[in-house]
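Each chain, written out:
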Amino acid sequence: KAGVTQTPRYLIKTRGQQVTLSCSPISGHRSVSWYQQTPGQGLQFLFEYFSETQRNKGNFPGRFSGRQFSNSRSEMNVSTLELGDSALYLCASSPNPRGEQSRPSTDTQYFGPGTRLTVL
Amino acid sequence: AQSVAQPEDQVNVAEGNPLTVKCTYSVSGNPYLFWYVQYPNRGLQFLLKYITGDNLVKGSYGFEAEFNKSQTSFHLKKPSALVSDSALYFCAVSRPYGQNFVFGPGTRLSVLP
């Protein structure tokens, strides 16, 4: 099976602009999560989507949003970019075949290579 | 709240020697623990996980981890380090709900030839 793919791999934007990142999960995986990785804050959870619905959300401002399509592909959008949004954005998919979310997950998350966003 | 600590920012080990990357956790309820590795300009690669059962978990590339409930630890180990093991290692625990993790800050492993 092909792994998780993310496009684009690199992106340069200026403050105030908006950006859309794309993620294609492993075939058959229904859950897609997004993480932000920075040297200062490490890996932080942004949000998770399942069946086109946002199920969980991390502690990020409303400028960060996402969506999931019927084929499980996901996009995340950052509006009004700030310098501090420069980061590696990682997408991860997991099977979650029963759609459970009421307890901690035992599923492995499989990560894509990430999109490196630089805000100037 | 779930939290993960990796007390060492950097671990240096000579090639051929055993390596240990430390992880301690704080969770309410049963811990589901994971190790990932990240190579430069790459995403995270799954190494192994502990869900239940045997405290010694074997994973990819010869890595293993030992779950210790009394010490709330989940240290990653390898009997003989390779230069190619040099990378950033992350320990993670499942959050209470849904498909997402709390990650530790990461430990940079350098294996010296």
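Preceding this section is the structure that the text describes.
Cut-offs applied
- Residues numbered from 1 in each chain as written.
- Chains lettered and ligands numbered in written order.
- Predicted model: local features only at pLDDT ≥ 70, side-chain atom pairs only at ≥ 80, totals over all residues.
- Heavy atoms only, no water.
- Helix = DSSP H or I, 4+ residues; strand = E, 2+ residues; numbered from the N terminus.
- Rg over C-alpha atoms; globule rule 2.2 N^0.38 Å.
- Contact = heavy atoms within 4.5 Å.
- Areas by Shrake-Rupley, 256 points an atom, 1.4 Å probe, with all protein chains shown as cover.
- Lys, Arg positive; Asp, Glu negative; His and termini not counted.
- Charge placed at Lys NZ, Arg CZ, Asp CG, Glu CD.
- Buried < 20%, exposed > 50% of the residue type's maximum accessible area, 1.4 Å probe, protein only.
- Core = buried A, V, L, I, M, F, W, Y, C linked by side-chain atoms within 4.5 Å.
- Disulfide = S-S within 2.5 Å.

> Describe the overall build of chain B, and please don't skip the residues or the numbers.
Summing up its helical and strand segments, chain B has zero helices and twelve strands in all. Start at the N end of chain B and walk to the C end: the helices and strands fall as β-β-β-β-β-β-β-β-β-β-β-β. Over its C-alpha trace chain B gives a radius of gyration of 13 Å, about what one expects of a compact globule, namely 13 Å for 113 residues. Counting only C-alpha atoms and orienting by the principal axes, one finds that chain B spans roughly 40 × 30 × 20 Å. For chain B, contacts bridging at least 24 residues in sequence account for 54% of all contacts bridging at least 6. Surface accessibility of chain B: about 5,200 Å² in total, with carbon and sulfur atoms responsible for 49%. Taking the average place of the 9 positive charges on the side chains of chain B and the average place of its 7 negative ones, the gap between the two points comes to 7 Å.

> An account of the side chain of Q6 of chain A is requested, with residue identities and associated values reported.
Residues and elements named next belong to chain A. Within the fold, Q6 resides in strand β1 (residues 5-7). You can call Q6 buried: its relative accessible area is 4%. The contact partners of Q6, leaving out residues within four places of it in the chain, are S22, C23, W34, Y89, L90, C91, G112, P113, G114 and T115.

> Hey, could you go over the nonpolar core for me, with residue numbers and the actual values?
In this structure, W35, L47, L48, F74, L76 and Y89 of chain B are the most contacted members of the largest nonpolar core, which totals 27 residues. Listing elements by their share of this core, those giving two or more residues are β2 (10-14), β3 (19-21), β5 (33-38), β6 (44-50), β8 (64-68), β9 (73-78), β10 (87-94) and β12 (107-112) of chain B. Membership of the second largest hydrophobic core comes to 21 residues, among which are V4, F64, M76 and L117 of chain A.

> How would you summarise the state of the cysteines if you had to cite specific residues and measurements?
Joining two cysteines, a disulfide is a covalent bond between their sulfur atoms. All names here are of chain A. Scanning all chains against the criterion turns up two disulfides over all chains. Paired by a disulfide, C23 and C91 hold their sulfur atoms 1.7 Å apart. When the S-S torsion is -55°, as for the bridge of C23 with C91, the disulfide is left-handed. Here C23, found in strand β3 (residues 19-24), pairs with C91, found in strand β9 (residues 87-94); they are 68 residues apart in sequence, far enough to count as distant.

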